[in-house]
Amino acid sequence: MRTLVSALALAASLAMPAVAQDDLSEALQSDWDAHLRPLYEHFHANPELSFMEFETAARLAAELRDAGYEVTENVGRTGIVAVMENGEGPVVLMRADMDGLPVREQTPLEYASTVIGQDRMGNEFPVMHACAHDTHMTALVGAARWMSENREAWSGTLVLIGQPAEEVGLGAYAMLEEGLYERFPVPDAVISHHTWGYVPAGQIRYVPGFAMANVDTVDLRIRGIGAHGASPHLGRDPVVLGAQIVTALQTLVSRELSPFDTGVVTVGAFNAGTKHNIISDEAHLQITVRSYTDEVRERLLTGIERIARGTAMAAGLPEELMPVMEIDEVYTPALYNDPALSDRAGAVLTRRFGDAVDTASPVTGGEDFARYGRTEHDVPIFMFWVGGSPQSVWDAAQAQGETPPANHSPFYYPDAQSAVTMAAEGMTLIALDLFENGVP
């Protein structure tokens, strides 16, 4: 059943500037045929990995500069910022991410990537836009071009950013650390979208409040005392300790969190030893931790350390052999869509796309877009999801009782025309509403 947007939000959306929606849609479809399609195919065929988006950023910068924006490059390493001042009014920021993934593409597309690229550590991988960031950049260009060509329809300042390194959770952090909100106009609202392969093309989903999770990466090194496998009593086996810790970690969510709180603690890798009959002196657990609130995040992280240390103490290990826990300092914070902004934006989208728009449940994936709302400026942010799975692919998978290939799959490709034009139109309409009616 569709979730009803609030009457207040709907009333606000009805006060939008008198932009003919059919004209906007037709303009974007026309731009797809003339300009955006080849741009998308270029981005798709030429992906680059996180913080290595040199050619991608240069092309995106050129597109926005040609559209009339003042563009600054190399903000947050490879990030770009484009600004258009158009009279008095709010500052609205639109964001698109630029990086691809280390995946070998296996789609039937004529313009499929065959790129072998280097990551920021110098390692070589096949590279693919498996998460549809190519559609994000193309939609940003589509919205930017329309806003530039129709300046009489809005008043204020539009800021556009091409963000690097979303896939490693570092790009937004890098841009903010290099003065995004100090060197450029501080936004009154930040909006973005994500092409989502788990929804058929032509659909839009959004989640007010918590939409995506805190993502923490934890390395737990469990020390022991090595021995011969035939004489386990002469050592302290870190594999046994690790197994006990893995089991005990499951109680953090099941017995220490409220049933109404969300938490995930997954041990993705357990590495130890070199041979059948050798008791190693160390085991290594690689753990991903997901949560929504800062309080739950802290409880899970301190709980991992407590359980690991307590297990080691129970095994009789001395202080110098207590487990060592390492947490990535820069983590991906939970995406919190400002509720008031979500209601307004959802109403705008519903007014245009009708029953194709619905609310969705939060997911425990991560998105560093969250960082734009977690600064001292307390800027409201909003991200919506645009369906990406081609209808024929979706129908074929559903007929088999399966999920179609989606984000991060080597077989995933979106209905690019639908995703790009729908996202560009949605972001444009939300921005026009904010310029006309202010930020809620």
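If you check an unreviewed UniProt entry, the chain appears there as Amidohydrolase from Glycocaulis albus.

Turning next to the overall build of the chain. Helix and strand content of the chain: eleven helices and 18 strands. At 24 Å, the chain has a C-alpha radius of gyration in line with the 22 Å of a compact globule built from 440 residues. The burial tally for the chain puts 54% of its 440 residues in the buried class. A sequence separation of at least 24 residues applies to 82% of the contacts in the chain between residues at least 6 apart. Surface exposure of the chain reaches about 18,500 Å², of which carbon and sulfur atoms provide 49%.

As enumerated under the stated definition, the model contains 13 salt bridges in all. Glu 282 is the partner of Arg 221 in a salt bridge, and the nearest nitrogen-oxygen pair spans 3.8 Å. Of the two residues, Arg 221 is situated in strand β10 (residues 214–223) and Glu 282 in strand β14 (residues 282–291); the sequence distance between them amounts to 61 residues. Classification of Glu 282 as partly exposed rests on a relative accessible area of 32%. A salt bridge links Arg 309 to Glu 319, with the shortest nitrogen-to-oxygen separation between them at 2.7 Å. With Arg 309 in helix α8 (residues 294–314) and Glu 319 in the loop between α8 and β15 (324–327), this pair connects stretches of sequence that are ten residues apart.

The mixed open sheet is built from eight strands, whose spatial order is β1-β2-β6-β3-β7-β18-β8-β17. The strands lining the two open edges of the sheet, one partner per strand, are β1 (70–75) and β17 (357–359). If you compare each strand with its neighbour and ignore which way they point, the axes differ by 25° on average. As judged from the three bridges shared by strand β3 (residues 91–97) and strand β7 (residues 189–200), these two strands associate in the parallel manner. Directly across from Leu 93, in β7, lies its bridge partner Val 190.

Feature annotation in UniProt assigns "domain: Peptidase M20 dimerisation" (unreviewed entry) to the following positions: residues 216–309. The annotated region residues 216–309 carries 37% helix and 34% strand content, and the separation between its end C-alpha atoms amounts to 19 Å.

Where helix α2 (residues 21–45) contacts helix α11 (residues 416–437), the two axes come as close as 9 Å, and the packing angle between them is 130°. By the criterion of interaxial angle, the relationship of α2 to α11 is oblique. For the pair α2 and α11, the sense of crossing is right-handed. Touching Gln 21, Leu 24, Ser 25, Leu 28, Gln 29, Trp 32, Leu 36, Arg 37 and Tyr 40 of α2 are Ala 416, Gln 417, Val 420, Thr 421, Ala 424, Glu 425, Thr 428 and Leu 429, all from α11. In terms of residue class, the contact of α2 with α11 is made up of nine nonpolar, six polar and two charged.

A separate point is unusual backbone geometry. Positive phi values are uncommon outside glycine, yet Ala 132 reaches one of about 70°. On the secondary structure map, Ala 132 appears in the loop between β5 (124–126) and α4 (133–149). Judged by relative accessible area, which is 0%, Ala 132 ranks as buried. Although it is not a glycine, His 408 adopts a positive phi angle of roughly 80°. Among the structural elements, His 408 can be located in the loop between α10 (391–399) and α11.

Attention shifts here to the confidence of the model for the chain. Averaged over the chain, the pLDDT score is 95; the fraction of residues at 70 or greater is 96%. Across residues 1–18, where pLDDT falls below 50, the model places 38 contacts with residues more than four positions away in sequence or in other chains.

The next thing to look at is the packing of α2 against α4. At a minimum axis distance of 9 Å, the contact between α2 and α4 shows a crossing angle of 140°. Taken together, the axis directions place α2 and α4 in an arrangement best described as oblique. Remark: the crossing between α2 and α4 carries right-handed chirality. Facing α2, whose interface residues are Leu 24, Ala 27, Leu 28, Asp 31, His 35, Leu 36, Leu 39, Tyr 40, Phe 43 and His 44, α4 presents Asp 134, Thr 135, Met 137, Thr 138, Val 141, Gly 142, Arg 145 and Trp 146. For the contact of α2 with α4, the per-class residue count stands at ten nonpolar, five polar and three charged.

What follows covers the environment of Tyr 40. Take Tyr 40: it is sitting in helix α2. Accessibility expressed as a relative area gives 1% for Tyr 40, which makes it buried. The sequence separation of Tyr 40 and Asn 123 amounts to 83 residues, and the corresponding C-alpha distance is 26 Å. In this view, Tyr 40 contacts Trp 32, Tyr 111, Asp 134, Thr 135, Thr 138, Pro 414 and Ala 416; residues no more than four positions away in its chain are not counted.

Bringing α8 into the picture now. With 21 residues, α8 extends 30 Å between its outermost C-alpha atoms, agreeing within 8% with the 30 Å of an ideal straight helix rising 1.5 Å per residue. Of the positions making up α8, those classed as buried are Val 296, Arg 297, Leu 300, Leu 301, Gly 303, Ile 304, Ile 307, Ala 308, Thr 311 and Ala 312. Looking down the long axis of α8, one finds its buried residues gathered within 155° of arc, a one-sided arrangement. Of the exposed residues in α8, those oriented more than 90 degrees away from the buried face are Glu 295, Met 313 and Ala 314. On its buried side, α8 packs onto β10, α7 (238–256), β12 (263–272), β14 and β15. Trailing α8 by a residue or two, Gly 316 shows a phi angle of about 85°, which is positive.

What counts and how
- Residues numbered from 1 in each chain as written.
- Predicted model: local features only at pLDDT ≥ 70, side-chain atom pairs only at ≥ 80, totals over all residues.
- Heavy atoms only, no water.
- Helix = DSSP H or I, 4+ residues; strand = E, 2+ residues; numbered from the N terminus.
- Rg over C-alpha atoms; globule rule 2.2 N^0.38 Å.
- Buried < 20%, exposed > 50% of the residue type's maximum accessible area, 1.4 Å probe, protein only.
- Contact = heavy atoms within 4.5 Å.
- Areas by Shrake-Rupley, 256 points an atom, 1.4 Å probe, with all protein chains shown as cover.
- Salt bridge = Lys/Arg side-chain N within 4 Å of Asp/Glu carboxyl O.
- Pairing = 2+ DSSP bridges.
- Axes fitted to C-alpha atoms, helices over the stretch in contact; angles between N-to-C directions.
- UniProt positions renumbered as here; feature names shortened; annotations may be inferred.
- Parallel < 35°, antiparallel > 145°, perpendicular 65-115°, else oblique.
- Left-handed = near helix turned anticlockwise from the far one by under 90°.
- Nonpolar A, V, L, I, M, F, W, Y, C, P; charged D, E, K, R; others polar.
- pLDDT = per-residue confidence, 0-100.
- Expected span 1.5 Å × (residues − 1).
- Arc of directions from axis to C-beta.

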